[in-house]
Amino acid sequence: MAKIRPSKGAPYARILGVGGYRPTRVVPNEVILEKIDSSDEWIRSRSGIETRHWAGPEETVAAMSIEAAGKAIADSGIDADRIGAVVVSTVSHFSQTPAVATEIAHKLGTDKAAAFDISAGCAGFGYGLTLAKGMVVEGSAEYVLVIGVERLSDLTDLEDRATAFLFGDGAGAVVVGPSEEPAIGPTVWGSEGDKSGTIKQTVPWDRFAIGDVAELPLDSEGNVKFPAITQEGQAVFRWAVFEMAKVAQQALDAAGITSDDLDVFIPHQANVRIIDSMVKTLKLPEHVTVARDIRTTGNTSAASIPLAMERLLATGEAKSGDTALVIGFGAGLVYAATVVTLP
């Protein structure tokens, strides 16, 4: 039997650079209230959201990704042609094939990097980070670009009182590369497919394409609604508050640290009440900086963690070398949590 030569990768992996892109249009709650019966106070108290960013026609999934990725590559200090793989997490790139990652890789000048998309909803960044770490340590790529990007305004039903105010657009990216010491901890991840119906697309693309008015939801003017994201808010809230705090604790345990060792907590920016409940359940010390980027960015799904990370570093609320717990959770229901050293 022939012996396969073992892989030769780095001993460990780390995040070397981070970048973000938020669309130029800022949308306050007042715009959302034009089509739903609610109030600014209700939206803020239920979600913490004050404004969100919506992409314009030129701010495509690819364009936003390239902007965020360019910043992350510059921040990492490496040349783009050294990127060996590009992983893009998104649910709002509407072309089934080819993967948008291939276009991004080409336009960044990555010199034939492996490139593919993944669909893991709001846990997508954590999934991509875990894949990147594996590639760097295994040796299939020295540097990996991980992008979380969404144009969720395209998948928002502005007449749905439960979700119209939640979603925003944007892209966040990190470069993962070799490290001489552990800087990305073990990932605690998984799925609960029995709860997949709690967050879903209202209408599958094939049914929407048929266009049978009798079978499709209509807007207030009788027109067929474009497929949108819908959720069972209370069920998702309970799951996130009670189950994801357990997953976050498991990630701390897997990394061999306690909450006292943390400097920063960067959860998926789904809802301020969920974030605050997790902080309380985890009994995070007062010195731990908690990301609450959702207030001005909204829920950007796969982009929310890298966007929040970038903002904390840019504002000085977090600093290079800090130990951060990151956790994403959402449609599927899927989740991923790990401890990282900030770039």
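Here, every reference points to the structure presented above.
Residues numbered from 1 in each chain as written. Predicted model: local features only at pLDDT ≥ 70, side-chain atom pairs only at ≥ 80, totals over all residues. Heavy atoms only, no water.

Asks: Just checking my understanding: could you explain the packing of aromatic side chains for this structure?
Replies: Here the distance between the centres and the angle between the planes together describe a pair of aromatic rings. Under the defined criterion, the tally for this structure stands at 8 aromatic pairs. With a centroid separation of 6.5 Å and 80° between ring planes, the pair formed by W205 and F208 is classed as edge-to-face. Of this pair, W205 and F208 are both found in helix α6 (residues 205-210), 3 residues apart, which corresponds to roughly one turn of the helix. Look at W205 and you get partly exposed, because its relative accessible area is 38%. Chaining the aromatic ring pairs together yields one cluster made of F94, W205, F208 and F226. Here the guanidinium or amino end of R161 rests over the ring plane of W42, the centre of that ring lying 4.3 Å away. When the ring centre of F237 is taken as reference, the NZ or CZ atom of R273 above it lies at 4.6 Å. (Phe/Tyr/Trp six-rings, centres within 6.5 Å; stacked < 30°, edge-to-face > 60°. Helix = DSSP H or I, 4+ residues; strand = E, 2+ residues; numbered from the N terminus. Buried < 20%, exposed > 50% of the residue type's maximum accessible area, 1.4 Å probe, protein only. Lys NZ or Arg CZ within 6 Å of the ring centre and 35° of its normal.)

Asks: Can you help me understand the nonpolar core in this one?
Replies: The nonpolar side chains of a soluble globular protein tend to be buried with one another. If you look at the biggest cluster of nonpolar residues, it comprises 46 residues, and the most contacted ones within it are M244, F265, I274, M278, L325, I327 and F329. For this core, the secondary structure elements donating two or more residues are α7 (233-255), α8 (272-282), β13 (323-330) and β14 (334-341). With 10 residues, α7 is the largest single contributor of residues to this core. The next biggest cluster of nonpolar side chains, apart from the first, holds 35 residues, and it includes A120, A123, V176 and A336. (Core = buried A, V, L, I, M, F, W, Y, C linked by side-chain atoms within 4.5 Å.)

Asks: How should the environment of A173 be read in this particular structure?
Replies: As for its placement among the helices and strands, A173 is situated in strand β7 (residues 169-179). Not counting the four nearest positions on each side in its chain, A173 is found in contact with G17, V18, G19, A68, A69, A72, L145, V146, I147 and P306. (Contact = heavy atoms within 4.5 Å.)

Asks: How should the sheet that holds strand β11 (residues 264-267) be read in this particular structure?
Replies: An order of β8-β14-β13-β11-β12 is seen for the 5 strands of this open sheet, with the pairing classed as mixed. One side of each edge strand has no neighbouring strand; the edge strands of this open sheet are β8 (188-191) and β12 (289-290). Pairing analysis gives 4 bridges linking β8 to β14, with the strands arranged antiparallel. For W189, the partnering residue across the bridge sits in β14 and is A336. On top of the sheet, helix α5 (residues 124-138) reaches β8 and β14; it is set at about 55° to β14, its chief contact. (Pairing = 2+ DSSP bridges. Axes fitted to C-alpha atoms, helices over the stretch in contact; angles between N-to-C directions.)

Asks: Quick question: what am I supposed to make of the pairing of β13 here?
Replies: Looking along a regular strand, one sees side chains alternate from face to face of the sheet. Most of β13 is tucked away: 7 of the 8 residues are buried. Two elements, β13 and β14, share 8 bridges in a ladder whose sense is antiparallel. Across the sheet, residue G330 finds its bridge partner in β14, namely V334. If you look at the hairpin formed by β13 and β14, you'll find 3 residues sitting between the two strands, and G332 has a positive phi there, around 145°.

Asks: Mind showing me how you'd approach the layout of surface pockets here?
Replies: A probe as big as a water molecule, rolled over the atoms, marks out the empty space that is left. For the largest pocket, the calculated volume is near 1100 Å³. Lining the largest pocket are 47 residues, with V91, I199, K200, I229 and A331 sitting closest to its centre. In terms of residue count, α7 provides more of the lining of the largest pocket than any other element does, 5 residues in total. A breakdown of the residues in the lining of the largest pocket according to their chemical character gives 26 nonpolar, 16 polar and 5 charged. (1 Å grid on protein atoms, 1.4 Å probe; cavity = no way out; pocket = protein on both sides within 12 Å on 5 of 7 lines; lining within 4 Å. Points joined across faces, edges and corners; volume = space filled by probe spheres on them. Nonpolar A, V, L, I, M, F, W, Y, C, P; charged D, E, K, R; others polar.)

Asks: Is there a simple way to think about the sheet that holds β7 in this case?
Replies: Strand pairing in a sheet relies on backbone hydrogen bonds, with the paired strands running either antiparallel or parallel. The strand order β1-β7-β6-β4-β5 describes an open sheet built from 5 strands, whose pairing is mixed. Only two strands of the sheet have a single partner each, and these edge strands are β1 (12-21) and β5 (114-118). The average angle at which neighbouring strand axes cross in this sheet is 20°, direction not considered. Sheet topology places strand β6 (residues 143-151) next to β7; 8 bridges connect them, and they run antiparallel. When the sheet's bridge partners are listed, R151 is paired in β7 with D169. On the sheet, helix α3 (residues 61-76) packs against β1, β4 (83-89), β6 and β7 and is oriented at approximately 130° with respect to β1. Sitting on the sheet, helix α10 (residues 304-315) touches β1 and β7, and the angle it makes with β1 is about 85°.

Asks: I tried to follow the environment of D263 on my own but got confused; where do I start?
Replies: Tracing the backbone through its elements, the reader meets D263 in the loop between α7 and β11. Remark: the alpha-carbon pair of D263 and H93, spanning 170 residues in sequence, is separated by 34 Å. Other than its neighbours up to four places away in sequence, D263 contacts H287, V288, T289, D322 and T323.

Asks: What is the right way to read unusual backbone geometry from this model?
Replies: Generally, phi is negative for residues other than glycine and the peptide bonds are trans, each holding for most cases. The amide bond that connects T97 to the next residue, P98, takes the cis arrangement and shows omega of 5°. Note on placement: P98 falls in the loop between β4 and α4 (100-108). Residue L333 is bonded to the preceding G332 through a cis peptide linkage, with omega at -15°. Secondary-structure assignment places L333 in the loop between β13 and β14. The backbone phi angle of K112 is positive, close to 65°, even though this residue is not glycine. Among the secondary structure elements, K112 is positioned in the loop between α4 and β5. The phi dihedral of S301 falls on the positive side, at around 55°, and the residue is not glycine. Along the polypeptide, S301 turns up in the loop between α9 (294-297) and α10. On the basis of relative accessible area, S301 is assigned to the buried category, the value being 5%.

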